[in-house]
Amino acid sequence: MSDVSADVSAEDGAETRAETRYEARSAAGSATSSFAAAARPVGAAGGGTPAVPPVQASTVFRLGVLGAMATERFAAAVEPHGLKPKQVGLMIVLSEGLAASQLDVARVMGVAPSLVVGFADHLEGLGAIRRTRDPADRRRQLLTLTDHGRELLDTCSVLARTLDAEFAEGLSEQEHAVLARLLGRLAADRGLPTG
């Protein structure tokens, strides 16, 4: 990190591009309900029976659409606290002890290191994290969650649980528990924190 302002400038551009992609996905997600209603599977030759299940019946497609909707709601819920979902994600990585250096956090989150610099700048400004130089390697920045950061993360947890209840409103308690367990397994299989 020889030039923090250059990193932040690069991060701003990268985050803007990432947000533009997110907005495009959200717009596509909003349009999906009308698309899915209008879409009809192509039938097999002569029989009218679908050759393969329609794309809107696939797990990946459904999770993607529902994920875009959930992200939009979560983003709106945490915005009044000065946060964005990926900044909350960074705090989760720190709270779970999955990484401490900016480079390792970037690897765990699957984002460019320059984005982590920007997230960390913002969270440090909120008093949610603290940056220190790694005594073993002065080139590395270590991130730690502050008490205020833990409070913010607790607030985000309450907001997420409220949104969970709204999102799964049509499910019974048992169905919601099964869904949570299955999503937890899918997340764990991909190395994501499951809490």
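Everything below is about the structure shown above.
Residue positions are counted from 1 within each chain, in the order its sequence is given. At least 70 in pLDDT is required for a residue's local features to be given in this predicted model, at least 80 for side-chain atom pairs to be given and counted, and no such filter applies to totals for whole chains, interfaces and linings, which use all residues. To obtain the side-chain values, all non-hydrogen atoms of the structure were used and water was disregarded.

Student: Can you walk me through the pairing of strand S1 (residues 129–134) in this structure?
Tutor: Along a regular strand, successive side chains alternate from one face of the sheet to the other. Should DSSP find at least two bridges between two strands, the strands are taken to pair. In this description a helix means any DSSP run of H or I spanning at least four residues, a strand means any run of E spanning at least two, and both kinds are numbered starting from the N terminus. Judged from the 6 bridges that link them, S1 and strand S2 (residues 137–145) form a sheet pairing that is antiparallel. Looking at S2, one finds that Thr132 is bridged to Leu142. Hairpin connection from S1 to S2: 2 residues lie between these consecutive antiparallel strands.

Student: Just to check I follow, could you spell out helix H6 (residues 147–167) for this structure?
Tutor: Each α-helix winds once per 3.6 residues, and so residues spaced three or four apart point in a common direction. One fewer than the residue count of a helix, multiplied by 1.5 Å, yields its expected span. For H6, spanning 21 residues, the distance from its first C-alpha to its last is 30 Å, which sits close to the expected 30 Å at 1.5 Å a residue. Exposure is judged per residue with a 1.4 Å probe applied to protein chains only, and the accessible area is read against the type maximum: over 50% gives exposed, under 20% gives buried, and values in between give partly exposed. Residues Gly149, Leu152, Leu153, Cys156 and Leu163 constitute the buried set of H6. Seen along its axis, H6 keeps its buried residues to an arc of 100°; they face one direction. Of the residues in H6, the exposed ones pointing more than 90 degrees away from the buried face are Asp147, Asp154, Val158 and Arg161. Structurally, H6 contributes buried residues whose contacts are with helix H2 (59–78), helix H3 (85–95) and S2. Here the arc refers to the directions that run from the helix axis out to each C-beta atom. In what follows, a contact means two residues having at least one pair of non-hydrogen atoms within 4.5 Å.

Student: What exactly am I supposed to notice about the pattern of salt bridges here?
Tutor: Working definition: two side chains of opposite charge can pair if their charged atoms are close together. We define a salt bridge as a side-chain nitrogen of Lys or Arg found within 4 Å of a carboxyl oxygen belonging to Asp or Glu. Inspection of the entire model under this criterion finds 7 salt bridges. Between Asp134 and Arg140 there is a salt bridge, with its nearest N and O atoms 2.9 Å apart. A salt bridge links Arg150 to Asp147, with the nearest nitrogen and oxygen atoms 3.3 Å apart. Of this pair, Arg150 and Asp147 are both found in helix H6, 3 residues apart, which corresponds to roughly one turn of the helix. What emerges from the salt-bridge pattern is a single network uniting Asp104, Asp134 and Arg140.

Student: I tried to follow the nonpolar core on my own but got confused; where do I start?
Tutor: Most often, soluble globular proteins keep nonpolar side chains buried together rather than apart. Leu83, Leu90, Met91, Val105 and Leu143 are the most contacted members of the largest nonpolar core, which totals 26 residues. Here Leu90 is in contact with Val105, Met109, Val116, Phe119, Ala120, Leu123 and Leu143, once residues within four sequence places are set aside. For our purposes a nonpolar core is just a set of buried Ala, Val, Leu, Ile, Met, Phe, Trp, Tyr and Cys residues, chained together by side-chain atoms within 4.5 Å.

Student: I would appreciate a short explanation of the environment of Gly184 in the present structure.
Tutor: Note on placement: Gly184 falls in helix H7 (residues 173–189). Measuring from C-alpha to C-alpha, the distance between Gly184 and Thr194 comes to 5.9 Å, with 10 residues separating the pair along the chain.

Student: Sorry, what's going on with a nonpolar patch on the surface here?
Tutor: Patches were defined on residues exceeding 30% relative accessible area and lacking a salt bridge, with like-charge contacts within 9 Å and nonpolar side-chain contacts (Val, Leu, Ile, Met, Phe, Trp, Tyr) within 5 Å. Working definition of accessibility: Shrake-Rupley area with a 1.4 Å probe, residue cover restricted to the visible protein chains. On the surface, Leu63, Leu171, Leu179, Leu183 and Leu186 cluster together into a nonpolar patch covering about 380 Å² of accessible area. The dominant element in the nonpolar patch, judged by the number of residues it contributes, is H7, at 3 residues. Summarising the element assignment, Leu186 is placed in helix H7.

Student: Help me understand the packing of helix H4 (residues 102–109) against helix H5 (residues 113–126) in this model?
Tutor: Running from N to C, H4 and H5 cross one another at 110°; their axes reach a closest spacing of 8 Å. It follows that H4 is roughly perpendicular to H5 by the angle criterion. Crossing geometry of H4 relative to H5 is assigned as right-handed. The segment H4 lies against H5, with Gln102, Leu103, Val105, Ala106 and Met109 engaging Pro113, Val116, Val117, Phe119 and Ala120. Fitted lines through C-alpha atoms give the axes, limited to the stretch in contact for helices. The angle between two N-to-C directions lies from 0 to 180 degrees. Roughly parallel covers angles under 35 degrees, roughly antiparallel covers those over 145, roughly perpendicular covers 65 to 115, and oblique covers all other angles. A clockwise turn of the near helix away from the far one marks a right-handed crossing, whereas an anticlockwise turn of less than a right angle marks a left-handed crossing.

Student: How should the side chain of Thr146 be read in this particular structure?
Tutor: For Thr146, the position within the fold is in the loop between S2 and H6. When its relative accessible area of 10% is taken as the criterion, Thr146 is described as buried. Definition of a polar contact: a pair of N or O atoms within 3.5 Å, with one able to donate and the other able to accept a hydrogen when the atoms are protein atoms, and with sequence-neighbouring residues admitted only if both atoms are side-chain atoms. A distance of 2.5 Å separates a polar side-chain atom of Thr146 from the backbone oxygen of Gly127.

Student: How should I be thinking about the environment of His148 in this particular structure?
Tutor: Secondary-structure assignment places His148 in helix H6. Along the chain, His148 and Ala128 lie 20 residues apart, while their C-alpha atoms are 5.3 Å from each other. Setting aside anything within four residues of it in sequence, one finds His148 in contact with Leu126, Gly127 and Ala128.

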